[in-house]
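# Fold and contact review
Now for the letters of each chain:
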Amino acid sequence: MEEERGKAAALIEIAVDSTEATVDPRLLKAIKSTVRYSDSELRCAAQTLMSLMKRNHSQVRYLALLIIDELFMRSKLFRSLLMENLDQLLSLSIGFRRNHPLPAPASVAIALRSRAIEFLEKWNESFGIHYRQLRLGYDYLKNTLRFQFPNLRASAARREQERREREMKTREILLKKFESFKANFTSMKEEIQINIDEIDECLEILATEDDDIPFDLLDNEEMEEFQYNSELRQLRLEALREGEKLHENNENTVVFDALREFYKVLVTKHLAAVEDGMSLLIRVETPDTSFRDSALKNLIDIRNLIQSTKSKCEKSGCELSKTANAADEEDIWEDGTIGTFDRGKSGPSCSRVAEAPTGSTSKNTGDAELTNNSSKGIEKKNNKSSGSKSNPLRGKLMGEAPVLNWGSFLDNWGSNRDVLANQRGLELDGHWGRVDYDAVIPAEKIAELNVHASVYKPEPVEALPCKAPLRKGGLCPRRDLRVCPFHGPIISRDDKGNPINESSTKEETPAENQTEESTPDVDGKVVHQLLRQAAKNIRERDKEEAKQRELDNKALKKARLAKVREHNQSVLKDAAIASTSKSYYVGEETGSKPSSSAKSKRPTLASMLKRKETSKQRLAQRLMNTRVRDATIRQMTGAEDANYREAFPNQW
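A word on the pattern of salt bridges. Where charged atoms from two side chains of opposite charge approach closely, those side chains can pair. All told, the structure shown has 15 salt bridges when counted by the stated rule. A salt bridge links Lys122 to Asp69; its shortest N-O distance comes to 3.2 Å. One end of the pair, Lys122, is in helix H7 (residues 106–127); the other, Asp69, is in helix H4 (residues 58–72), and 53 residues separate them in sequence. For Lys122, a relative accessible area of 26% translates into the label partly exposed. A relative accessible area of 8% places Asp69 in the buried class. Residue Glu191 is joined to Lys269 by a salt bridge in which the shortest nitrogen-to-oxygen separation is 3.1 Å. Note that Glu191 is positioned in helix H9 (residues 152–211) and Lys269 in helix H12 (residues 253–283), a separation of 78 residues in sequence. Glu191 gets classed as partly exposed once you look at its relative accessible area, which sits at 37%. Owing to a relative accessible area of 46%, Lys269 belongs among the partly exposed residues under this scheme. Members of the salt-bridge network, linked through shared partners, are Glu160, Arg163, Arg164 and Glu167.

Aromatic ring pairs are described here by two measures, namely the spacing of the ring centres and the angle between the planes. All chains considered together, the criterion is met by eight aromatic pairs. Here Phe181 and Phe185 contribute two aromatic rings whose centre-to-centre distance is 5.3 Å and whose plane-to-plane angle is 50°, an arrangement assigned as tilted. You can see Phe181 and its partner Phe185 sitting in helix H9, four residues apart, about one turn around the helix. Its relative accessible area of 5% is what places Phe185 among the buried residues. Measuring from centroid to centroid gives 6.2 Å for Phe185 and Phe291, while their planes differ by 85°, and the two rings are edge-to-face. Taken together, the residues Phe185 in helix H9 and Phe291 in helix H13 (residues 290–315) connect sequence positions 106 residues apart. One aromatic cluster in this structure is built from Phe72, Phe119, Trp123 and Phe127.

Criteria and cut-off values
- Residues numbered from 1 in each chain as written.
- Predicted model: local features only at pLDDT ≥ 70, side-chain atom pairs only at ≥ 80, totals over all residues.
- Heavy atoms only, no water.
- Salt bridge = Lys/Arg side-chain N within 4 Å of Asp/Glu carboxyl O.
- Helix = DSSP H or I, 4+ residues; strand = E, 2+ residues; numbered from the N terminus.
- Buried < 20%, exposed > 50% of the residue type's maximum accessible area, 1.4 Å probe, protein only.
- Phe/Tyr/Trp six-rings, centres within 6.5 Å; stacked < 30°, edge-to-face > 60°.

Below is the structure:
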C-alpha cells in the first residue's frame, strides 16, 4: 500500500527536478493517469505539490504550479483539497507578502508571479461561483493590493469582436464586387465570345493555306518498307505531325500578328477575369442564389472553352507565347542596314549583313544564320579573287593580312582622332565635383587602351611511340616526347622494333661507339632510380592507406559506442517513467549516477541559483581591494603635498 501511495509523489518529484520551462509531457500524462483512478493518490499528490511549493527555489515552484493547474481544471476533489490552503498557495506563488518574497532565480520568479495571476483569474472565471475562497482571494489581490490581471475574458471578447468586424467588412467588399460583376457579366461574355471567334477564324485561314500544299503518296514498295521498319514509320509519323502544324512565312505574317494579339488578350485578360469571377462567386453570400449558381455554371463553361481554344492554338504549333515575347523584344531595335566600310591600308575591311525585319520569326532567323554560316568560305574566296583582279595591291595586302578574332580593338582601327571623355551616352546622377564636358582622351591613350591581346597557343607536337621490343613479345606502346622510362631515348624504329639508322651507326668513329656504349649504362642507372622511387612511393601510399583505414575504424567504433550509450540512456529514462512503482526506483538508481562519458555537464537546479559574474563585478573586486585603495590614497596625498610645496616654498 505504501508503495502504491508513493507512485504519484515520485513522478511529481521527477517532473519538478528539471530546468526546462515546461513539464515533460510524458511525465505529466503518467501523473494524470495515476491520480485518475485513486483518491488516495490524488490526496498524496496534493500534499506533495504543497510541500514542493514551499521549496526555496522558483523553478521548483513554477513547475509545481503548472502541475497544480492541470489537476485543478480536471478534478473536483483536488479543487476542494486546494481550497483549504489557497491563502498559502497564493502567498508562495505570487509573493504579495513583504516578509516572504519569491526566491531566486529572479527571472523565473517573475514568470512564476505572472502565471500564478493568470491561473487565478482563469480559476475564478471557471469555478469562482462554487468556491467562496477563490472569489475572495481574487477580489483581495485585484481591488486591495491592486495587482494587474491579464483580463483574459475581455481580451478574448475583444479579439472575437475584431474578428467579426473583419468578417463584416470582407462581406461588404464581396457584395460590392458581386454587384459590379452582375452588371458587367453580359458584356464580359460577349467580349470573350468575340475574341474566341476571331481566333477560330485566324486558325481557319491558316489551315486553308496549308491545305493547298500537296503531299506525295507512297508506293506499295515504300509502304512495305514502312511496315517492316519501325524507325522509318516513326520518322514518317513525326513528319506528318510536323506538317500538320502551322508555319509562319511572308504571306501569313499579318494573320499571325493578329492571332498573337487575340491570344494574348484571351490568356492575360479574359482567363484571369473568369478565374477571379469564379472565386468571387464561391466566397460571396447572397440571399438570392439563383443568379450566383447560373453565373458560376456559365463561368465554368467559358473557362473550359478558353482552355480548349488555348490547347487548339498550342497543338497547331503556333507557339504564340514565345513568338510574342520575341516580338516584344525585337520592337526595341530599329530597322536599318549596316553597309560595308573600308579603311584602305590602315586596317582590314569589315562587312556585316543587313538585319532582318522585326516581324520575321525564329525560323527565318535560323535559316538566315545557316545560310550565312554556309556561305562564309565562298564569300572569302570570292573576295580574294575579285580583289586580286580589280586591285592587285589590295589582293597582295589581303593575302598577307592576318586572320584575327573580332574584338573591341577593331572598332578604332587606324583612327587618329581624340575621344570626348564625358559624352558616352549615359546619364550619370549623383556624381561628385564638377564635370568637364570638353575633356578629351588623346588618341595615343586610346591606342594604349585598345592593345590587341592574344592567347598563346603552342604548336602541337606529336609524341612518337617507343616501339622497343619487349621480353614477352610485342613492342612498347608508350608515347613520350624524348625518353622512355623503361627503354631509354626514343629513336625511330621499324615495325619489328629494329632501329632504322643501325647501318649508319656501324660506320661511326670508335669515339662515338664508346659514347653509345656508355649510354646503356646511364639508361640502366636511370631505370633503377625510377624503379626504386616508384617502389618507395608505393610503400608510402600503402602506409597512408593503412593509417587512414585504422582511423576510420576507430571513428566508426566510437560512433557505434556513442549510439549504444544513447540507446541505453533512453531505455533507462523510459523505464523511470513507466506505470509501475518499481520502474521508478530503477530509474532513480540509474539516474542518480551520472554517466562518465558525458563531456558537457547537464544544467541542474543548483546551477540556476548561481549568479553569473559580470565584468563590472570583476572590475569592482580589483578596484575596491584594500591594497589598491591604500596605494591610490598615498598617490593622491603625495601629489597634493608636492603642489603645496611648490606654491609656498618659503613659509615656515
